[in-house]
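Fold and geometry: a report
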Amino acid sequence: MGGNCVAEEMAGQGIGASVRRVEDRRLLRGAGRYVSDIRLADAAHMVIVRSPYAAARIDGIDATAALAAPGVLAVLTGEQQDAAGIGGLQTIVQRHLPDGSPMPRPPYRPLCIGAARFVGDAVAAVVAETLAQAQDAAELLDIAYDPQPAVASASAALLPGAPAVWPELAPDNLCFQFNLGNRAATDAAFAAADHVTRLEFRISRVHAAPMETRSAIGEYEPVEGLYTLTAGVQAPHKIRTELAEHVLRVGASKLRLISPDVGGGFGMKGSPMPEHALVLWAARVTGRQVRWVSTRSEAFLSDYHARDNDSVVELALAKDGMFLGLRIRSVANLGAYLGFNTPHSSTNNLGGLAGMYRTPAIHAEIRGAFTNTQPMAPYRGAGRPEATFAIERVIDIAAGEMGLDRVDIRRRNLIAPEAMPFKTGLVFTYDCGAFERGMDMALEAADWAGFAERRAQSAARGKLRGIAVVNAIEVAAGPAKAPNEEGAEIRFDPSGDATILVGSHNHGQGHETAFRQIAHSMLGLDPARVRIVQGDTDTVAHGRGTFGSRSAIAVGAAMDRTSQKIIAQGRMIAAHLLEAAEADMEFAAGYFRVAGTDRAIRIEEVAKASYIPAKLPRGADLGLNAHAVVTTEDATFPNGSHICEVEVDPETGITQIVSYVVSDDVGTVINPLLVKGQMHGGIAQGAGQALGEQVLYDESGQIITGSFMDYQMPRADDFPLFPVLSNPVPTRMNPLGAKGAGEAGAVGALAAVIGAVSDALGVPHIDMPVTSERVWQTLQAKKTGRI
């Protein structure tokens, strides 16, 4: 009943194999199933009427003409929400004011009541038989706006006399002041320092711009009071619970959330949104399925934005270049409302300020400001790129001021492998890593030693050439003190095939491939006989979702526990089938084997037998399946060294990335192809922000980058090939030894690109984005001695 032929045929399909993504078979052929692909025979269409003003009182809404328009089924306004029992969205991140009191929490309803607070704020919703009828009726709404002064900049919002976004709750626009680290020790380090370097910098505001815009379908079944929301989201179970309990005010079991294929999320699709609530409310009111699909222009006005902070960072050094202390003061733009995760990015990942270095004293002070702009959400890295940017850019400037080599100053401050576990100067304790080895791998691959010759060659062609090295480290899948559990269930059917249900959600990472590989390594399963199920809260028992580079770690830990349960169940059945003692049964590579013999049986055959009562031991349950919800031991710390090389045309200001190399430690590599893809995507997003992406507002709060004509997205021809070197040091914090890879590319790219451009221009620093205009202006300022 056994043999080695199956195992040999499946070799190279488990953990560590470069398996092509199985999901691409449908996605690249146009066979993906996104929300907009779902065809409904009787669905109505919803259009959101949004404020054209950044700040305005709403003195009234006359819907008479709209309600009389052809095909209109309903017009929903903010004033109707209380009577309809519609609650509000909330943030799960608590912060405090300087006096220790809780931060103000403004009401955040699906439709604003009495006032609009950013351009794009949802004022009303029109539901009609067709999309065109809903659009036409929306134009007939008579809304009495009374425009008010607005403020879009976080730093400007905190100045005396700035317009108050929430006059009664936060008259000074301050939402919170967050301090982290030892202020006294840090101040003492600066007092004793031989040299202090200071840098003021800005991290620009960005729009996630996923390929698939947000969309949603709402359904309501009145007999049992059941809602169904179909929407592409990153965390189905969390969003389901939040919408049910706080917006619909029903039990979580009354709302089913189905998330099919998702065309990119990057953090923005990890929150419950007003439109989710509106389609469900509209479905209840109209008795119809209600569909909403954001246009690309609408996305610029209604999607949550990200980044957007102004900072001052200082580094204290001894004469020999050793780091003594680091401190940073930042102002973070929160927008007008507190979304689900709004305060998170600016405050939760500050530990990355320590970098890979032995800096003993670090302190951070973050002030969050309300502005008349869209709410903020995490975006690939969620504070990690900002932290890396601060430490790496100030190191470069310190090296220049002190006449030290940029590589050497980093090398002398790096944490050595033998110092692990290492308690950093801020929050984190690193469990493992080979930082210097990774940096040397990148330096060699990038031919750092040959840069001077390449710079001379560029100069001969009238071009400026620059290079930068960045050591980036981040936290992933933790810490244990925070909710970080994940669920997995493995079910075998009577034919011996397996279905794996997971609480994470794939939106480009390759989960369907990676989880099959994990199942192959843990249970010896043929990946072709494994089905992955996700994104349905009625089918998958529990999950936290996909964010923070956690999925392989969290789901992997849950699959490990579940696999152990499957093996324990299977061992009992196999022993009965082989007429052996259960204690004599061994399991490896998909076979249950009687120890010391050639008698064995495949796990698939055991699964088939588990559905035949006559083949089971007395009292055994029918079927072979198991479920586990697991919390990983602690956080992991993916790390890597990035080297970017650029060439700048001084006549036009155009910057070209000519080389980009990264050496990365993601712990155990589940699939090298997937890791490289994640690195490429992360680098492209980070470099895209550095080169051109930026959301801008005018003084009245009007967005002036409301389309891809004005918002500069990166293109494929903006980038060279990205060599990705592997420097794995497996962690002991989870059964797989994995550290996470989804955000690593973005974490280092911002600092690497800006550092390289600054080096090319011969200036200490240039703020992002390095558009041709900004580069040209910087060069002119340098010529005239203004820099």
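Throughout this description, residue numbers start from 1 for each chain and increase along the sequence as written. A pLDDT threshold of at least 70 governs which residues receive local features in this predicted model, and a stricter bar of 80 or more applies before side-chain atom pairs are shown or counted, although totals over entire chains, interfaces and linings include all residues. Water and hydrogen atoms play no part in the side-chain values, which are based on all heavy atoms of the structure.

Considering the overall build of the protein chain
For the purposes of this entry, the term helix denotes a DSSP run of H or I that reaches at least four residues, the term strand denotes a run of E that reaches at least two, and both are numbered from the N terminus. Looking only at helices and strands, one finds 21 helices and 28 strands in the protein chain. A radius of gyration in this sense is built from C-alpha atoms; the matching globule rule multiplies 2.2 Å by the number of residues raised to 0.38. The globule rule puts the C-alpha radius of gyration for 787 residues at 28 Å, and the 28 Å found for the protein chain is close to it. Once the C-alpha set of the protein chain is aligned to its principal axes, its extents read approximately 90 × 75 × 55 Å. Note on definitions: a residue-residue contact is assigned when non-hydrogen atoms from the two residues lie within 4.5 Å. When contacts within the protein chain are restricted to residue pairs at least 6 apart in sequence, long-range pairs at least 24 apart make up 80% of them.

Remarks on the confidence of the model for the protein chain
Taken residue by residue, the protein chain gives an average pLDDT of 95. The fraction at 70 or more is 98%. Considering only residues more than four positions removed or in separate chains, one finds that residues 1-10, a stretch of pLDDT under 50, has 17 contacts. Scored from 0 to 100, pLDDT records how confident the predictor is in each individual residue.

Structural notes on the packing of aromatic side chains
Ring pairs (aromatic) are described by centroid distance and by the angle formed between their planes. Only rings of Phe, Tyr and Trp enter the pairing, Trp through its six-membered ring, and a pair is recorded when the two centres are within 6.5 Å. The plane angle decides the type: under 30 degrees is stacked, over 60 is edge-to-face, the rest tilted. Taken as a whole and judged by the stated rule, the model has 15 aromatic pairs. Their ring planes at 65° and their centres at 5.7 Å tell us that Phe719 and Phe722 sit as a pair that is edge-to-face. Note on geometry: a ring has a charge over it if NZ (lysine) or CZ (arginine) is within 6 Å of the ring centre and within 35 degrees of the ring normal. The lysine or arginine in question, Arg117, covers the ring of Trp166, its NZ or CZ lying 3.5 Å from the ring centre. Taking the ring centre of Tyr591 as reference, the NZ or CZ of Arg593 above it sits at 5.7 Å.

Things to note about the sheet that holds strand β6 (residues 142-147)
Taken in spatial order, the three strands of this open sheet run β4-β2-β6, and their pairing is antiparallel. The sheet terminates laterally at β4 (115-116) and β6, the two strands that pair on one side only. Strands pair, by our definition, only if DSSP identifies at least two bridges between them. As judged from the six bridges shared by strand β2 (residues 56-62) and β6, these two strands associate in the antiparallel manner. Along β6, the bridge assignment pairs Arg57 with Asp146.

Things to note about the state of the cysteines
A pair of sulfur atoms, both from cysteines and within 2.5 Å, is called a disulfide here. Taken as a whole and judged by the stated rule, the model has zero disulfides. In this model Cys112 remains outside any disulfide bridge; the closest cysteine sulfur is found in Cys175, 19 Å from its own. Exposed residues in this analysis have more than 50% of their type's maximum accessible area, buried residues have under 20%, and partly exposed residues fall in between, with area computed by a 1.4 Å probe over protein chains only. Given the relative accessible area of 8%, Cys112 is considered buried. Residue Cys175 is classed as buried on the basis of its relative accessible area, which comes to 0%.

Description of the pairing of β2
In the sheet, β2 pairs with β4 via two bridges, with the strands oriented antiparallel. Of the residues in β4, the one forming a bridge with Arg57 is Ala115.

Examining the pairing of strand β20 (residues 498-502)
Among the five residues that make up β20, five are buried, leaving the element largely enclosed by the rest of the structure. The pairing of strand β19 (residues 485-492) with β20 spans five bridges and is antiparallel. Directly across from Arg491, in β20, lies its bridge partner Thr499. Hairpin geometry of β19 and β20 is characterised by an intervening segment of five residues between the two adjacent antiparallel strands and by a positive phi of about 95° at Gly496.

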